[in-house]
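Observations on the model geometry
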Amino acid sequence: MPIEDLMWVEKYRPHNLEDVINQTDVKERLRPLLEKQQQMPHLLFAGPPGSGKTTLAQIVAEKILGDLKSDYTLSLNASDERGINTVRERVKVFASYSDRREGVPFRLVILDEADEMTRDAQTALRRIMEESSRFTRFILVCNYSSNIIEPIQSRCAIFRFQRVGSDEVVGYLRKIAKNEKVKTTEKVLESVYEATNGDLRQAINLLQAAAADGEVTMERVDAVTGALVRGRAAEIVNLALDGDFAGARQKLVELTKVYGIPESDFLRYSNETITAGAPHMAEAIKILAEYDYRLVLGANPEIQLTAMLAELAALKGK
Ligand SMILES: Nc1ncnc2c1ncn2[C@@H]1O[C@H](COP(=O)(O)OP(=O)(O)OP(=O)(O)O)[C@@H](O)[C@H]1O
Ligand SMILES: [Mg+2]
């Protein structure tokens, strides 16, 4: 079976504007651009995870380039290296080809998670955008447009994506469940929404992970979210131990916001990660114990956990 059919997020990824749920403003503004292709500006898609940004970028590419999409689109995402060299080499080479072909208005560069590009790389990108704009259009995708340098922002039409609401997520999940012949209830689907807070990718993945023997139950959803949270907590601790305090802190905020997990759970999962053989294990556990104690005394959890990550990150240099 092809991977697209195994993963429900791929199997149910929309291929037409009409099938994208929510994002009404974005779709309305995109539609005329797809009709007058020559006039299409560079696009900047910004918004929360799992709201359809990558999906819409791919739809734009499909509508504009049709069967030639794979030849005339360069897609780079976070797993690719994003330093200045990649931008210079891969993007520049691709963007500056000027071969024209019937039915191809321009080449398309899709830079997913563009806000993770270094500033230097963004500056280089800006220059490439200027130099190649006759033959090439860029679609930049990011969570926060404020992380994109101003000169790039001002060269793009900015599209802001909204978090998808509960009714729409539940409705979408209901359709998938029906199509996959998986038994479930409204209450279970609502709990999937609550655990994933409008991130459709996570919601669909959770539904699939929790679907066993043709049924999704509350118990299965709880079991899977437990595992998800455990994985996220481990990621945060490892980032901190690697010295990346800012990254760890941002993920911590996401975790507490998205999952609303109790601090004590976070500490418990952190302990599991550290005792599994983290670097500086002894010192790290002492730090954990100290903050565990402070939380019991009733200190502000957000401040304490952030301070804990700072201390863990400081171990890196030792
Ligand atoms: N608005 C939407 N309508 C329909 N399906 C959606 C929508 N948004 C997301 N999905 C589903 O979630 C999956 C992931 O969406 P997508 O990759 O477009 O998210 P994204 O906004 O790029 O998120 P991220 O910021 O995490 O990359 C899609 O394959 C699709 O199944
Ligand atoms: Mg994406």
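Our structure is the block above this text.
Read on for a plain summary of the structure.

1. Observations concerning the sheet that holds strand β2 (residues 73-76)
Taken in spatial order, the five strands line up as β2-β3-β4-β1-β5 in an open sheet, and their pairing is parallel. Here the strands that pair on one side only, and so sit at the sheet edges, are β2 and β5 (156-160). For this sheet, the mean angle separating the axes of adjacent strands, direction not counted, is 15°. Bridging between strand β1 (residues 42-46) and β5 involves five bridges; their strand directions are parallel. Its bridge partner lying in β5, Leu43 is registered against Ala157. Along the sheet, helix α6 (residues 84-96) contacts β2, β3 (107-111) and β4 (136-142); its crossing angle with β2, the most-contacted strand, is approximately 160°. Set on the sheet, helix α7 (residues 119-131) makes contact with β1, β3, β4 and β5; between it and β4 the angle comes to about 150°.

2. Overview of the site of ligand 1
In the vicinity of ligand 1 there are 19 residues, among which Val9, Gly50, Lys53, Thr54 and Thr55 approach most closely. At 2.8 Å from a nitrogen atom of ligand 1 is found a main-chain nitrogen or oxygen belonging to Ile21. Between ligand 1 and Arg201, the relevant distance is 2.9 Å, taken from an oxygen atom to a side-chain nitrogen or oxygen of the residue. A total of 630 Å² of accessible area belongs to ligand 1 in isolation, and the protein chains cover 96% of it. Here the residues of the shell around ligand 1 sort into ten nonpolar, six polar and three charged. Shared between two domains, the shell around ligand 1 holds at least three residues of each, these being domain 1 (23-160) and domain 2 (166-218).

3. Considerations on the pattern of salt bridges
Per the counting criterion, the structure on display carries ten salt bridges. With a closest N to O distance of 2.4 Å, Arg155 and Glu130 form a salt bridge. Separated by 25 residues along the polypeptide, Arg155 in the loop between α8 (150-153) and β5 and Glu130 in helix α7 bring together distant segments of the chain. Given a relative accessible area of 29%, Arg155 falls into the partly exposed group.

Basis of the calculations
Residues numbered from 1 in each chain as written. Chains lettered and ligands numbered in written order. Predicted model: local features only at pLDDT ≥ 70, side-chain atom pairs only at ≥ 80, totals over all residues. Heavy atoms only, no water. Pairing = 2+ DSSP bridges. Helix = DSSP H or I, 4+ residues; strand = E, 2+ residues; numbered from the N terminus. Axes fitted to C-alpha atoms, helices over the stretch in contact; angles between N-to-C directions. Contact = heavy atoms within 4.5 Å. Near = heavy atom within 4 Å. Polar contact = N/O pair within 3.5 Å; in protein donor to acceptor, adjacent residues only side chain to side chain. Areas by Shrake-Rupley, 256 points an atom, 1.4 Å probe, with all protein chains shown as cover. Nonpolar A, V, L, I, M, F, W, Y, C, P; charged D, E, K, R; others polar. Domains from an automatic or database assignment. Salt bridge = Lys/Arg side-chain N within 4 Å of Asp/Glu carboxyl O. Buried < 20%, exposed > 50% of the residue type's maximum accessible area, 1.4 Å probe, protein only.

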